[in-house]
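As a plain string of letters, each chain reads:
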Amino acid sequence: VQLQASGGGLVQAGGSLRLSCAASGRTFSPYSVGWFRQNPGKEREFVAAILGSGSSSVYANSVKGRFIISRDNAKNTAYLEMNSLKPEDTAVYHCAAGSASTIATMTSPDKYDYWGQGTLVTVSS
């Protein structure tokens, strides 16, 4: 599976962005999709994940209530709707696909086999 993340940019605090993760190469629906973010010199941080069926999702506490993850398997695309953005949300956001099937495993980057190149989100104060 090849993944292409897009939709990042510069936004003021309190604003919104919608990231997209377009998949190609293999059937998308069996894979869970996770969004992770990373800043230079820091570890990759889990943001949100959704099962292949879309029936269940999980969020990091830091984004819960502000971000929404979704997917459209017919379009082979997953989304991350980011609202009420804060400067601390600034990072490169990566989408990933893998076989994780439980809440516990969906939060671990080790459970994802395929990664996109990342899209930069910058939130100004």
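Just so it is clear, the model here is predicted, and its values are computed rather than measured.

Summing up its helical and strand segments, the chain has one helix and 11 strands in all. The order of helices and strands in the chain, counted from the N terminus, is β-β-β-β-β-β-β-β-β-α-β-β. Dimensions along the principal axes, computed over C-alpha positions, put the chain at roughly 40 × 25 × 25 Å. Sorting the 125 residues of the chain into buried and exposed places 44% on the buried side. The contacts of the chain with a sequence gap of at least 6 include a subset with a gap of at least 24, amounting to 57%. Of the roughly 6000 Å² of accessible surface on the chain, a fraction of 48% belongs to carbon and sulfur atoms. The positive charge centre, built from 11 side chains, and the negative charge centre, built from 8, are 3 Å apart in the chain.

Quick look at the environment of Asp72 now. Take Asp72: it is sitting in strand β7 (residues 67-72). The class for Asp72 is partly exposed, based on a relative accessible area of 25%. As a C-alpha pair, Asp72 and Gly54 span 18 residues in sequence and 8.5 Å in three-dimensional space.

Right, let's get into the sheet that holds strand β1 (residues 2-6). The four strands lie next to each other as β1-β3-β8-β7, forming an open sheet whose pairing is antiparallel. Each of the sheet's edge strands pairs with one partner strand only, and the pair in question is β1 and β7. Taking the axes of each pair of neighbouring strands and ignoring which way they run, one obtains an average angle of 15 degrees across the sheet. Where β1 lies against strand β3 (residues 17-24), five bridges are found, and the strand directions are antiparallel. Opposite Gln4, over in β3, you have Ala22 as the bridge partner.

This part covers the state of the cysteines. A complete count under the given rule lists one disulfide for this structure. Disulfide partner of Cys21: Cys95, at an S-S distance of 2.1 Å. The disulfide joining Cys21 to Cys95 has a torsion of about 75 degrees about its S-S bond and is therefore right-handed. A residue pair is termed long-range when its members are at least 10 positions apart, and Cys21 in strand β3 and Cys95 in strand β9 (residues 91-98) qualify at 74 residues. For the residue pair Cys21 and Cys95, the accessibility class agrees, reading buried in each case.

Here we take up the nonpolar core. Trp35, Val47, Phe67, Leu80, Met82 and Tyr93 are the most contacted members of the largest nonpolar core, which totals 39 residues. Leaving out residues up to four positions away in the same chain, Leu80 has contacts with Leu17, Arg18, Leu19, Trp35, Val47, Ala48, Phe67, Ile68, Ile69 and Tyr93.

This model, assessed by the stated rule, comprises four salt bridges. Where Glu45 meets Arg37, a salt bridge forms, and the shortest distance between an N and an O atom there is 2.9 Å. The class for Glu45 is partly exposed, based on a relative accessible area of 32%. Among the ionic pairs, Arg66 bridges to Asp89, the shortest N-O distance being 2.7 Å. Of this pair, Arg66 sits in the loop between β6 (57-59) and β7 while Asp89 is found in the loop between β8 (77-82) and β9, placing the two residues 23 residues apart along the sequence. Take Arg66: its relative accessible area is 10%, and that puts it in the buried class. One connected set of salt bridges, linked through shared partners, spans Arg37, Glu45, Arg66 and Asp89.

Definitions and cut-offs
Residues numbered from 1 in each chain as written. Predicted model: local features only at pLDDT ≥ 70, side-chain atom pairs only at ≥ 80, totals over all residues. Heavy atoms only, no water. Helix = DSSP H or I, 4+ residues; strand = E, 2+ residues; numbered from the N terminus. Buried < 20%, exposed > 50% of the residue type's maximum accessible area, 1.4 Å probe, protein only. Contact = heavy atoms within 4.5 Å. Areas by Shrake-Rupley, 256 points an atom, 1.4 Å probe, with all protein chains shown as cover. Lys, Arg positive; Asp, Glu negative; His and termini not counted. Charge placed at Lys NZ, Arg CZ, Asp CG, Glu CD. Pairing = 2+ DSSP bridges. Axes fitted to C-alpha atoms, helices over the stretch in contact; angles between N-to-C directions. Disulfide = S-S within 2.5 Å. Core = buried A, V, L, I, M, F, W, Y, C linked by side-chain atoms within 4.5 Å. Salt bridge = Lys/Arg side-chain N within 4 Å of Asp/Glu carboxyl O.

From the geometry alone we can't say anything about function, so treat these as descriptive.
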